[in-house]
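# Close look at the chain arrangement
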Amino acid sequence: MDYNFKAIEEKWQKQWVSDKTYKVEIDKDRPKFYVLDMFPYPSGAGLHVGHPLGYIASDIYSRFKRLNGFNVLHPMGYDAYGLPAEQYAIQTGQHPAITTEKNLNRYREQLDKIGFCYDWDREIKTCDPDYYHWTQWAFIQMFNSYYCNQAKKAAPISELIEAFNAVGTEGLDLACTEKLVFTAAEWKSKTDKEQQEILLNYRLAYLADTMVNWCPALGTVLANDEVKEGISVRGGHQVEQKVMRQWLLRVSAYSERLLDGLNHVDWTDSLKEIQRNWIGKSEGAEMKFKVKDSDVEMDIFTTRADTVFGVTFMVLAPESELVDQLTTPEQRAEVDAYISETQKRTERERQAEVKKVTGVFSGSYAINPLSGEEIPVWIGDYVLAGYGTGAIMAVPAHDSRDFAFAKHFHLPILQVVVPEGEEATDPATWEDSIDSKAGTMVNSGFLNELSVPEAIAKTKEYIREQQVGDVQTNYRLRDAIFSRQRYWGEPFPVYYKDDMPQMVSESDLPLELPEIDKFLPTEKGEPPLARAKNWVYKNTYPLEVNTMPGFAGSSAYYLRYMDPKNDKALVGTEANEYWQDVDLYIGGTEHATGHLIYSRFWNKFLYDMGHVVKDEPYKKLINQGMIQGRSNFVYRINGTNKFVSLNKKGEYKTTAIHVDVNIVSNDVLDIEKFKSWNPEYKDAEFILEDGKYICGWAVEKMSKSMFNVVNPDDIIAEYGADTLRLYEMFLGPLEQSKPWDTNGIDGVHKFLRKTWRLFFNADHKLEVSDEKATKDELKVLHKTIKKISDDIEKFSFNTCVSAFMICVNELGTLKCNKREILEPLTVLLAPFAPHMSEELWEKLGKTETVCDAQWPLFEPAHLVESTFSYPVSFNGKMRFKLDMPADAANDVIEDAVKKHESAQKWLEGKTVKKMIIVPRKIINVVVG
């Protein structure tokens, strides 16, 4: 039979489902291995060929581990909530559940065509109440917990209440929003509502007023990654900074543990560094700067207290509460205008715009606690409210952003550190700040002539003695804003009594998303859930009308996959103790500062509370690169409907136009398809070269607007899923971005056909011999076993495909059809081309799936050469080759050289002065 990939792939996809080939259960007799893909959000557009890259890699590795005896958990589900579905619902009136289900079905259909080994019995969807039951449950646990800095773990809030009743805040070191001090008597004297307000200061899930990215047009708060240059990514609407009462998760409490955990996971150094920078640990001092003619004190955190004598101005974050207090009447209008403009940009954008200098003078002055000098207080958007105290002391001589600010607003610059081996200079002549990490102090009072380390130590000692500050560690990591003013999201399990939040009873979970008449905010500006009828708890108490953000459902999904049908717990003890954590996680780097931070926090909290057995969720993480689009262009002669081929366009003035890559093959345009592609071109004329229209090309992001999106369904229809799988791996290293180029796919498809022909004769009949394999055939096989085994473990899948091609070519040359060779070759190929491998395995007479075969064992003996072909030289010039046993002794080799017939010509009439023999390399005969 011929290689009919369509029939083969359809057959085995049905067979895998009917046989439940990929269903996995706890099996304590086998070691576990958990492979996970990052939770996908299925859009209405479906998959393009760039999406499956990571999925194919994880599928290959899952199959490989199963063949090596592991019990492999490889699940798939959907991050089903999100703004796109809700916006579509607003525009069309169609319920987002309908469009979401349609998108999920389309996504599943495409995934099935590619032949993944997912255990679909474990499928989860974040919009399923049976799933978000446990998101709501986790939120309740966080609300009812606090974080003890001394114990370095979370604990029940009931224990904190007991401590307050016994000792107040005395001796407690707690993660909190604001440091509070009260006695047990003061705590007991407060009303229940006052106590609840205090507890919000410590809960891990809490309500607070915070700065958010507010999009009026969308009627919701947006995450930083949903905003670009002050505009919403979805819809392109204006976004402003606004203070709102929101639910937050106290992620900052886990900053140090999130940092430390990076030392215990197998992630790339670059990804770890992204997380370290995002968490942003810094050790320094918090100092008090009194405001002139005021009772206000500014708390300033600095990592370089030694440079305080170089402070020439202060800067407040625009969101700082001190802005209102320190703005003088004369400066009020200018400050208000500046704040209004700043609200249009996110904190991330403000940090990225290093060359843009903006600011405004508050009108107030602070007093330097070391020098006593008056310092002007400015407001600038390069300072963030969430870092330190939201106020900085500016030392422009030794900080580039402070330097740019001082230069822009003509503020003083004072050098206080002279680098080693240099002399003090006039900062007016500088083009930028100078490094201050090492050197000698100048212009610094009692610190003069000290080295930087000595000055840091002495300053910390001084500020403690003078009680003008204290040594402190700070983190840049912010608490996660957890409220969204949307409909399509998980409802909060929260009701309000006397305006204070209370948790719904766990027995009443899940609290399901109600039906509403419109998916818009109410006429009063309330979130859409406020439209729901009887949205109350126990027929009395109003329920929360915000919903949870997108990352809520993806923060613990990896745990739910372990035990998806459990209706008593997020994950049962037996399942969690067996599967424990994710052994291999594959996904994009775009989640480095969002999902990967939040899910690690979520897992550490559950670990603290005894619900899971591992502190870190993901052992090894691989970031796959992006498959970019390879765009094609046609060249229209300006002012005409005539198109000129690529190599002739220099003769005319032309405009390049993107053309659909699906009507181009090997950069040759299908002219008839082009004419019908767009009515504008139906009467187009063409200037060809060699009878063809050759298109131009470029590598760009895969996008519908550039007509370079390639649907995997089309590739599968033409070449088959196994070809698609192999080709995506063949494009280049997994972690690197690379362009999609259909031009090379035909070669991969031919390789599969050539592999198929090893098993069949010219009449397409199976012809596999039971004869013993030859030495050369075994050498080819075991060379391939070693290469494939090593490279899969290194995730070097592109080199695996190359090795397969070499192997099949060599076996074809040897005309090998031996069962001893072809059976292990089929197993080797199974992770990459599972459909073909299943069919060949069955043809070989096997009754069980190839998935349960045993990975071939590499035997080094087959690669040991029994002979070596020596190049024989006379006086340095190679004359002939001599085959000798690989272990032949030098005297045997020397005798063989002298007796060899080809040597007689070069020995005639001459004397052998010396024979140099380098075993397994060369022979050089010196004659004279």
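Quantities reported herein were computed from a predicted structural model and do not represent experimental measurements.

## Overview of the overall build of the chain
Secondary structure assignment for the chain yields 29 helices and 37 strands. Projected onto its principal axes, the C-alpha coordinates of the chain cover approximately 110 × 80 × 75 Å. Scored against the burial criterion, the 928 residues of the chain give a buried share of 53%. Long-range contacts, defined here as pairs at least 24 residues apart, represent 71% of the contacts in the chain between residues at least 6 apart. Summing over all exposed atoms, the chain offers an accessible surface of approximately 42,200 Å²; the carbon and sulfur share of this is 48%. The averaged location of the 139 negative side-chain charges in the chain is 6 Å from the averaged location of its 110 positive side-chain charges.

## Section: the pattern of salt bridges
Inspection of every chain in the model, using the stated rule, returns 63 salt bridges. Ionic pairing is found between R30 and D27, a salt bridge with its closest N-O pair at 3.0 Å. On the accessibility criterion, R30 (32% relative accessible area) is partly exposed. Of the charged contacts, one joins R257 and D608 as a salt bridge, the two residues approaching to 2.9 Å between their closest N and O atoms. Of the two residues, R257 sits in helix α9 (residues 255–261) while D608 sits in helix α19 (residues 595–608), which places them 351 residues apart along the sequence. One continuous salt-bridge network, built from bridges that share partners, spans R257, R600, K604, D608, D615 and E616.

## Observations concerning a positive patch on the surface
Together, K877, R879, K905 and K910 make up a region of like positive charge exposed at the surface. Take K905: it is sitting in helix α29 (residues 904–907). The class for K905 is exposed, based on a relative accessible area of 61%.

## Considering the packing of helix α24 (residues 775–793) against helix α25 (residues 797–813)
Their axes nearest at 9 Å, the elements α24 and α25 cross at an angle of 175°. Comparing the axis directions of α24 and α25 gives the class roughly antiparallel. On the side of α24, the interface is formed by E777, V780, K783, T784, K787, I788, D791 and I792, while α25 contributes F797, T799, C800, A803, F804, C807, E810 and L811.

## Some points on the packing of aromatic side chains
Under the defined criterion, the tally for this structure stands at 68 aromatic pairs. Measuring from centroid to centroid gives 5.9 Å for F139 and F482, while their planes differ by 5°, and the two rings are stacked. Separated by 343 residues along the polypeptide, F139 in helix α5 (residues 129–143) and F482 in the loop between β19 (480–481) and β20 (494–497) bring together distant segments of the chain. For the residue pair F139 and F482, the accessibility class agrees, reading buried in each case. Joined through ring pairs, the aromatic side chains of F33, Y61, F64, F70, F795, F797, F804, F832 and W855 make up one cluster. In this arrangement the basic side chain of K846 is found over the ring face of W841, its NZ or CZ atom lying 5.2 Å from the centre.

## Comments concerning the nonpolar core
Among the nonpolar cores identified, the biggest contains 96 residues, and F139, W247, L249, F482 and Y557 are the most heavily contacted of them. At nine residues, the largest contribution of residues to this core is made by α5. When neighbours within four sequence positions are excluded, Y557 is seen to be in contact with L36, D37, M38, F39, I124, Y131, Y585 and H595.

## Some words on the packing of α25 against helix α26 (residues 819–829)
Running from N to C, α25 and α26 point in directions that differ by 160°, and their axes come no closer than 12 Å. In this view, α25 runs roughly antiparallel relative to α26, as classed from their interaxial angle. By crossing handedness, the relation of α25 to α26 is classed as left-handed. On α26, the residues touching F804, C807 and L811 of α25 are I821, L825, L828 and L829. In terms of residue class, the contact of α25 with α26 is made up of seven nonpolar, no polar and no charged.

## Remarks on the sheet that holds strand β36 (residues 912–918)
Spatial strand order, β35-β34-β37-β36: four strands in an open sheet with mixed pairing. Two strands lie at the open edges of the sheet, namely β35 (877–885) and β36, each paired on one side alone. When the angles between neighbouring strand axes are averaged without regard to direction, this sheet yields 20°. Packing against the sheet, helix α28 (residues 890–899) makes contact with β34 (867–874), β35, β36 and β37 (922–927), and its axis sits at approximately 125° to β36.

## Some thoughts on the pairing of strand β1 (residues 32–37)
When you tally the buried positions in β1, you get six out of six residues, the bulk of the element. With burial as the criterion, each face of β1 is covered, one bearing K32, Y34 and L36 and the other bearing F33, V35 and D37. Across three bridges, the pairing between β1 and strand β2 (residues 71–73) is parallel. Directly across from K32, in β2, lies its bridge partner N71. With three bridges connecting them, β1 and strand β24 (residues 582–587) associate as parallel partners. Considered in β24, the bridge of L36 is made with Y585.

## Things to note about the sheet that holds β24
Spatially, the four strands line up as an open sheet ordered β2-β1-β24-β25, and their pairing is parallel. Each edge of the sheet is formed by a strand with only one pairing partner; in this case those strands are β2 and β25 (618–623). Along the sheet, successive strands turn relative to each other by an average axial angle of 20°, direction set aside. Its contacts with the sheet place α19 against β24 and β25, and it is angled at close to 170° to β25.

## As for the state of the cysteines
Applying the stated criterion to the full structure yields zero disulfides. Sulfur of C800: no disulfide; nearest cysteine sulfur belongs to C807 and is 12 Å away. Assessed through its relative accessible area of 0%, C800 is described here as buried.

## Some words on the side chain of D713
Mapped onto the fold, D713 is located in helix α21 (residues 712–719). Apart from residues lying up to four places away in sequence, D713 is in contact with R106, Q110 and K113.

## A closer look at helix α10 (residues 269–279)
Those residues of α10 not exposed but buried are L271, K272, Q275 and I279. One side of α10 holds all its buried residues, which, seen down the axis, span an arc of 100°. Exposed side of α10, more than 90 degrees from the buried face: D269 and S270 are the residues found there. On its buried side, α10 packs onto α9, β10 (281–291), β18 (469–475), α19 and β25. Count one or two residues on from α10 and you reach G280, which has phi positive near 60°.

## What to know about the pairing of β35
Bridge analysis of β34 against β35 gives eight bridges, and the strand direction is antiparallel. Considered in β35, the bridge of F868 is made with M884. Turn length for the β34-β35 hairpin, with the two strands adjacent in sequence and antiparallel, is two residues, and the turn residue N875 shows positive phi of about 55°.

## A look at the environment of I516
Topologically, I516 is positioned in the loop between β21 (500–503) and β22 (536–537). The class of I516 is buried, set by a relative accessible area of 10%. Setting aside chain neighbours within four positions, we find I516 in contact with Y487, P528, R531 and A532.

Reading guide: rules and limits
Residues numbered from 1 in each chain as written. Predicted model: local features only at pLDDT ≥ 70, side-chain atom pairs only at ≥ 80, totals over all residues. Heavy atoms only, no water. Helix = DSSP H or I, 4+ residues; strand = E, 2+ residues; numbered from the N terminus. Buried < 20%, exposed > 50% of the residue type's maximum accessible area, 1.4 Å probe, protein only. Contact = heavy atoms within 4.5 Å. Areas by Shrake-Rupley, 256 points an atom, 1.4 Å probe, with all protein chains shown as cover. Lys, Arg positive; Asp, Glu negative; His and termini not counted. Charge placed at Lys NZ, Arg CZ, Asp CG, Glu CD. Salt bridge = Lys/Arg side-chain N within 4 Å of Asp/Glu carboxyl O. Patch = residues over 30% accessible without salt bridge, like charges linked within 9 Å, V, L, I, M, F, W, Y side chains within 5 Å. Axes fitted to C-alpha atoms, helices over the stretch in contact; angles between N-to-C directions. Parallel < 35°, antiparallel > 145°, perpendicular 65-115°, else oblique. Phe/Tyr/Trp six-rings, centres within 6.5 Å; stacked < 30°, edge-to-face > 60°. Lys NZ or Arg CZ within 6 Å of the ring centre and 35° of its normal. Core = buried A, V, L, I, M, F, W, Y, C linked by side-chain atoms within 4.5 Å. Left-handed = near helix turned anticlockwise from the far one by under 90°. Nonpolar A, V, L, I, M, F, W, Y, C, P; charged D, E, K, R; others polar. Pairing = 2+ DSSP bridges. Disulfide = S-S within 2.5 Å. Arc of directions from axis to C-beta.

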